[in-house]
Amino acid sequence: MKLGTFMMPNHPPHRSFAEGHDHDLNYLAFLDQIGFDEAWIGEHYTLPREPCPAPDLLVAQGLVVTKNMRISTGGYMLPYHHPAELAHRIVWLDHISKGRCYAGVGSSAIQTDWEMFDVDGVSGENRRMMEESLEIMLRYWTSDGPFEYKGKYWTARRPEQGFDDNYVYHITPYTKPHPQVAIAGFSPKSPTLNLCGRKGFIPLSFGFSNRFLPSHWDSVLEGANETGVEANRSRWRIGRDVYIAETDREAREKVKNGAIGEHYHKFWMPMLKHVGILDNVKHDPDVPDSDIDLDYIIDRCMFVGNPKTVEQRIADMVEVTGGCGGLLVNTFDHVDDVQGWHDSVGMLCKEIMPKFVDVGRAE
């Protein structure tokens, strides 16, 4: 099982953009040094606590400060980009990284982002736009001549050569036939993960507890069965909140009184209640909403504790899901707890993950 991180990136509203960006770059360099396999960078527009509207800028700089780790968008929100433009940006990263970037994409689930770009996410227009965008980008990456694509949302063309060979479509993928595409899924029986299965893409599975994770893989399998594509667990990544310290008590206190706890109190829990999806954190649907607090989430959803405790939590996830190809640690702002975070991911990388090295391997 590979080890990676998912960066929203997360920062409290008082953190300057430059300070947060520099913090993220330093952390990517550290993760590369200790042996992490990959990092994924998110994209949002109207979330002050996840203030990264251009993940490829962080990816590009991250490639300079790392040597081995894959760094990828996790991903571009496709409704907000013209696919002709984005197909070129992704391939450019593919070239300058010499194949060290995946192409992570998504449909966007943020209502205020929908409103800003005039996307009707309530009706599912965001997902339809994502699928059309992907079809167009794949045409660019795999075509061997001019084409015209007239879709519902975009018209795109690969043009004929101009009056001489100085004017021609020429930026084709470094990775053949194209960079591996990844799509994130969150909801139970996620339709975006079904699309991953249909296309053979990398599923990035996010959720608050183990309860819905089997349904995520079911979605991948259903999609794969529709098109006859192999569904390989080695491609499946699962994102979780992880914090390790020498004792369970210390780890819990660091989470409750640190950036993770602050983010849950000020962002995640109000959002879950407002949208009406507190059920996503429950280990049993009969648990009353009034029982859901940070202590419940630490106990039921996070991997928090000493190394043995966290090792058992990962083992429980593997048992429930049947195994996956990668664990992605959700990264939170830790400017105020750099040593604690470095110690946490260091123990995860060196002491715990070697015990899961054979989980999720391709057969």
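Analysis parameters
- Residues numbered from 1 in each chain as written.
- Predicted model: local features only at pLDDT ≥ 70, side-chain atom pairs only at ≥ 80, totals over all residues.
- Heavy atoms only, no water.
- Helix = DSSP H or I, 4+ residues; strand = E, 2+ residues; numbered from the N terminus.
- Contact = heavy atoms within 4.5 Å.
- Areas by Shrake-Rupley, 256 points an atom, 1.4 Å probe, with all protein chains shown as cover.
- Lys, Arg positive; Asp, Glu negative; His and termini not counted.
- Charge placed at Lys NZ, Arg CZ, Asp CG, Glu CD.
- Phe/Tyr/Trp six-rings, centres within 6.5 Å; stacked < 30°, edge-to-face > 60°.
- Buried < 20%, exposed > 50% of the residue type's maximum accessible area, 1.4 Å probe, protein only.
- Salt bridge = Lys/Arg side-chain N within 4 Å of Asp/Glu carboxyl O.
- Expected span 1.5 Å × (residues − 1).
- Core = buried A, V, L, I, M, F, W, Y, C linked by side-chain atoms within 4.5 Å.
- Pairing = 2+ DSSP bridges.
- Right-handed = clockwise from strand over helix to strand, strands pointing away.

Q: For the overall build of the chain, give the residues involved together with the corresponding values.
A: Within the chain, the secondary structure is distributed over 12 helices and 12 strands. Viewed in the frame of its principal axes, the chain has a C-alpha envelope of about 70 × 45 × 45 Å. Considering only contacts within the chain whose residues lie at least 6 apart along the sequence, 74% involve residues at least 24 apart. Summed over its atoms, the accessible surface of the chain is roughly 16,200 Å², and 50% of this surface lies on carbon and sulfur atoms. Side chains of the chain give 37 positive and 52 negative charges; the mean places of these two sets differ by 3 Å.

Q: Tell me about the packing of aromatic side chains, and please be specific about residues and values.
A: Within the structure shown, the criterion is met by 15 aromatic pairs. Ring geometry for Trp40 against Tyr102: centres 5.4 Å apart, planes inclined by 15°, an arrangement best described as stacked. Here Trp40, found in strand β2 (residues 38-41), pairs with Tyr102, found in the loop between α3 (83-96) and β4 (103-106); they are 62 residues apart in sequence, far enough to count as distant. The two residues Trp40 and Tyr102 agree in class, both being buried. Measuring from centroid to centroid gives 5.0 Å for Phe208 and Trp268, while their planes differ by 85°, and the two rings are edge-to-face. With Phe208 in the loop between β8 (202-206) and α7 (213-227) and Trp268 in helix α9 (residues 259-275), the pair connects residues that are 60 residues apart, well separated along the chain.

Q: An account of unusual backbone geometry is requested, with residue identities and associated values reported.
A: A cis geometry characterises the amide bond from Gly74 onward to Gly75, with omega recorded as 20°. Within the secondary structure, Gly75 sits in strand β3 (residues 70-77). Residue Pro177 is bonded to the preceding Lys176 through a cis peptide linkage, with omega at 0°. Its location among the elements puts Pro177 in the loop between β6 (155-158) and β7 (181-185). Within the chain, Asp118 stands out as a residue other than glycine whose phi angle is a positive 60°. When its relative accessible area of 69% is taken as the criterion, Asp118 is described as exposed.

Q: Please give an account of the pattern of salt bridges that cites residues and values.
A: Inspection of every chain in the model, using the stated rule, returns 22 salt bridges. Here Arg89 and Asp56 are joined by a salt bridge, their closest N and O atoms 2.6 Å apart. Here Arg89, found in helix α3, pairs with Asp56, found in helix α2 (residues 55-65); they are 33 residues apart in sequence, far enough to count as distant. Assessed through its relative accessible area of 35%, Arg89 is described here as partly exposed. With its nearest N and O atoms 3.3 Å apart, the salt bridge here joins Asp279 to Arg211. Of the two residues, Asp279 is situated in the loop between α9 and α10 (294-300) and Arg211 in the loop between β8 and α7; the sequence distance between them amounts to 68 residues. Members of the salt-bridge network, linked through shared partners, are Arg15, Glu19, Asp333 and Asp336.

Q: Go over the environment of Pro51, please, and point to the residues and values.
A: Tracing the backbone shows Pro51 in the loop between β2 and α2. Its relative accessible area of 28% is what places Pro51 among the partly exposed residues. Taking C-alpha positions, Pro51 is 6.9 Å from Pro9, a pair spaced 42 residues apart along the chain. When residues no more than four places from it in sequence are discounted, the contact partners of Pro51 are Pro9, His11 and Phe17.

Q: Got a sec to walk through helix α5 (residues 125-142)? Specific residues and values, please.
A: Across its 18 residues, α5 extends 26 Å between first and last C-alpha, which sits within 8% of the 26 Å expected from 1.5 Å per residue. For α5, every residue scored as buried is listed here: Glu125, Asn126, Met129, Met130, Glu132, Ser133, Leu134, Ile136, Met137, Leu138, Tyr140 and Trp141.

Q: Explain the nonpolar core to me, using residue names and the numbers behind them.
A: Among the nonpolar cores identified, the biggest contains 111 residues, and Leu134, Tyr264 and Ile314 are the most heavily contacted of them. When residues in this core are grouped by element, the largest group, 8 residues, is from α5. Dropping the residues within four chain positions of it, Leu134 is found in contact with Leu78, Val105, Val181, Ile183, Leu195 and Phe201.

Q: For the pairing of β8, give the residues involved together with the corresponding values.
A: Burial within β8 is extensive, with 5 of its 5 residues counted as buried. Residues Ile202, Leu204 and Phe206 line one face of β8 and the alternating positions Pro203 and Ser205 line the opposite face, and both faces are buried. Pairing geometry for β7 and β8, over 4 bridges, is parallel. Bridge assignment links Ala182 to a residue of β8, and that residue is Ile202. At this point the chain moves from β7, through helix α6 (residues 191-199), to the parallel β8, and the crossover so formed is right-handed. Where β8 lies against strand β9 (residues 237-240), 3 bridges are found, and the strand directions are parallel. Opposite Leu204, over in β9, you have Arg237 as the bridge partner.

Q: Can you tell me about α7, naming the residues and giving the values?
A: Compared with the 21 Å implied by 1.5 Å per residue over 15 residues, the 22 Å span of α7 between its first and last C-alpha is a close match. Of the positions making up α7, those classed as buried are Leu213, Ser215, His216, Trp217, Ser219, Val220, Gly223 and Ala224. Elements in contact with the buried residues of α7: β7, α6, β8, β9 and α11 (307-321). Among the residues trailing α7, Gly228 stands out with phi positive, at a value near 75°.

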